[in-house]
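# Analysis of the macromolecular model
If you want the building blocks of each chain, they are given just below.
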Amino acid sequence: ARCPWMPLFPPLVVEHDFKETGRGYRCVRDIIQGEELLAIPLEECWTAADARAAVQLKPVIDADPELSDVNVTALHLLVERAKGPQSTRWAHLQQLPIEYDSTLFWSTQQLQEIEGSPWHELATRFAEEARQDWATLREAVARATPESRVLLDGISERDYLWAYTTVKSRTAEVLVDGEKASLLAPDFDMFNHCDALKPGSTHFFDEPRRALVVSAARDYVEGEQAFISYGTASNGSLLLAGGFVLPSNRFDYVECPLT
């Protein structure tokens, strides 16, 4: 069956497992710069606003109105995933990675590989922030209605970190109605990053169509991988958020404190 966000016309890119980058999108024909690769309607995206409006989550939001957008969206992911095939978002949930390589999931021995660098300090801080968010969410659920307390039944801290990382690493930051919004969009999050592309040139929110649109930032030949830009992310930032680095990253840098 066709997924609800899939266009009726044949797509210009299809999912493919690339040796260098893993899962991504392969061009089905030659593509000219500016052609539209993908358009995902806003109603098919996960947003904090949708999470706050979800009936199951409302008692938790009422218990702690100060819950962060990341926290409520992560909880929404976990609640829908627990529904299994009955979830209206099951197709997208199956598309998401089962696990991540970001530093939140590194062992103590692995973290020692970057010890002494600013990235080690940030990785430690981010891990503490994520665990504090998990504690805050558990407290909010505990203060909610008795019926809502089952939302976290069977959900471990590692499950939460999976949802937390999904929201943190796979959302598109765009302007919707003039306001900054984070959209976790089906199919969009399958695009890999290329630092050679101009930041801000690969995707945007189309207000008239109410859709997240991805366009080709350069020409592609049939069979080539189509990329988007994740912005001016250094290798340290990519490592912390996505668990990968680029062999040659034009936005990479090393801090040199001058005393």
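See above for the structure.
Below, the structure is looked at part by part. These numbers come from a predicted model, not from an experiment.

### Points about the overall build of the chain
- Within the chain, the regular secondary structure consists of eight helices and nine strands.
- Since a compact globule built from 259 residues should have a radius of gyration of about 18 Å, the 19 Å found for the chain is in line with a globular shape.
- The principal-axis extent of the C-alpha atoms belonging to the chain is close to 55 × 55 × 35 Å.
- Here the chain, with 259 residues, has 46% of them falling under the buried criterion.
- Partitioning the contacts of the chain with sequence separation of at least 6, the portion at a separation of at least 24 is 67%.
- Accessible surface, the chain as shown: approximately 14200 Å² in total, 53% of it carbon and sulfur.

### Quick look at the sheet that holds strand 6 (residues 192–193)
- Overall, mixed pairing links the four strands, which are arranged 1-2-9-6 in an open sheet. On the outer flanks of this sheet lie strand 1 (13–18) and strand 6, each paired with one strand and no other.
- Examined bridge by bridge, strand 1 and strand 2 (residues 22–27) share six bridges and lie antiparallel to one another. In the strand pairing of strand 2, Asp 17 is matched with Arg 23.

### Describing the sheet that holds strand 8 (residues 211–215)
- Overall, antiparallel pairing links the three strands, which are arranged 3-8-7 in an open sheet. At either end of the open sheet lies a strand with only one pairing partner, and these are strand 3 (36–41) and strand 7 (203–206). Here the average twist between neighbouring strands, direction ignored, is 25°.
- Strand direction decides the pairing type here: strand 3 and strand 8, joined by five bridges, are antiparallel. Looking across to strand 8, one finds that Glu 36 is bridged to Ser 215.

### A closer look at the packing of helix 6 (residues 118–143) against helix 7 (residues 157–170)
- Packing of helix 6 against helix 7 leaves a shortest axis separation of 10 Å and a crossing angle of 110°. Classified by the angle their axes make, helix 6 and helix 7 are roughly perpendicular. For the element pair helix 6 and helix 7, the recorded crossing hand is right-handed. Facing Glu 129, Ala 130, Arg 131, Asp 133, Trp 134 and Leu 137 of helix 6, the residues of helix 7 in contact are Glu 157, Tyr 160, Leu 161 and Tyr 164.
- Within the contact of helix 6 with helix 7, the residues separate by chemical class into six nonpolar, no polar and four charged.

### Focus: the packing of aromatic side chains
- Throughout the structure, instances matching the rule amount to five aromatic pairs.
- Seen in terms of ring centroids, Tyr 25 and Phe 191 are 4.5 Å apart; in terms of plane orientation they differ by 55°. Their pairing is tilted. A residue pair is termed long-range when its members are at least 10 positions apart, and Tyr 25 in strand 2 and Phe 191 in the loop between strand 5 (179–183) and strand 6 qualify at 166 residues. For the pair Tyr 25 and Phe 191, a shared accessibility class is recorded, and that class is buried.
- Put simply, the rings of Trp 134, Tyr 160 and Tyr 164 touch in pairs and so form one group of aromatic residues.
- Seen from the ring of Trp 162, Arg 81 lies directly overhead, with NZ or CZ sitting 4.2 Å from the centre.
- Looking at Arg 89, its charged tip hangs above the ring of Trp 46, at a distance of 4.4 Å from the centre.

### Some words on the side chain of Arg 170
- Locating Arg 170 in the fold gives a position in helix 7.
- You can call Arg 170 buried: its relative accessible area is 14%.
- A distance of 2.8 Å separates the side chain of Arg 170 from the backbone oxygen of Asp 189, its partner in a polar contact.
- Setting aside chain neighbours within four positions, we find Arg 170 in contact with Arg 23, Leu 96, Pro 97, Tyr 100, Thr 165, Leu 183, Leu 184, Asp 189 and Met 190.

### What about the pairing of strand 9 (residues 225–228)?
- A two-sided burial pattern is seen for strand 9, the buried positions comprising Gln 225 and Phe 227 on one face and Ala 226 and Ile 228 on the other.
- Bridge analysis of strand 2 against strand 9 gives two bridges, and the strand direction is antiparallel. What sits directly across from Tyr 25, in strand 9, is Ala 226.
- Relative to strand 9, strand 6 is paired through two bridges, and the arrangement is parallel. Bridged to His 193 within strand 9 is Ile 228.

Rules used throughout
- Residues numbered from 1 in each chain as written.
- Predicted model: local features only at pLDDT ≥ 70, side-chain atom pairs only at ≥ 80, totals over all residues.
- Heavy atoms only, no water.
- Helix = DSSP H or I, 4+ residues; strand = E, 2+ residues; numbered from the N terminus.
- Rg over C-alpha atoms; globule rule 2.2 N^0.38 Å.
- Buried < 20%, exposed > 50% of the residue type's maximum accessible area, 1.4 Å probe, protein only.
- Contact = heavy atoms within 4.5 Å.
- Areas by Shrake-Rupley, 256 points an atom, 1.4 Å probe, with all protein chains shown as cover.
- Pairing = 2+ DSSP bridges.
- Axes fitted to C-alpha atoms, helices over the stretch in contact; angles between N-to-C directions.
- Parallel < 35°, antiparallel > 145°, perpendicular 65-115°, else oblique.
- Left-handed = near helix turned anticlockwise from the far one by under 90°.
- Nonpolar A, V, L, I, M, F, W, Y, C, P; charged D, E, K, R; others polar.
- Phe/Tyr/Trp six-rings, centres within 6.5 Å; stacked < 30°, edge-to-face > 60°.
- Lys NZ or Arg CZ within 6 Å of the ring centre and 35° of its normal.
- Polar contact = N/O pair within 3.5 Å; in protein donor to acceptor, adjacent residues only side chain to side chain.

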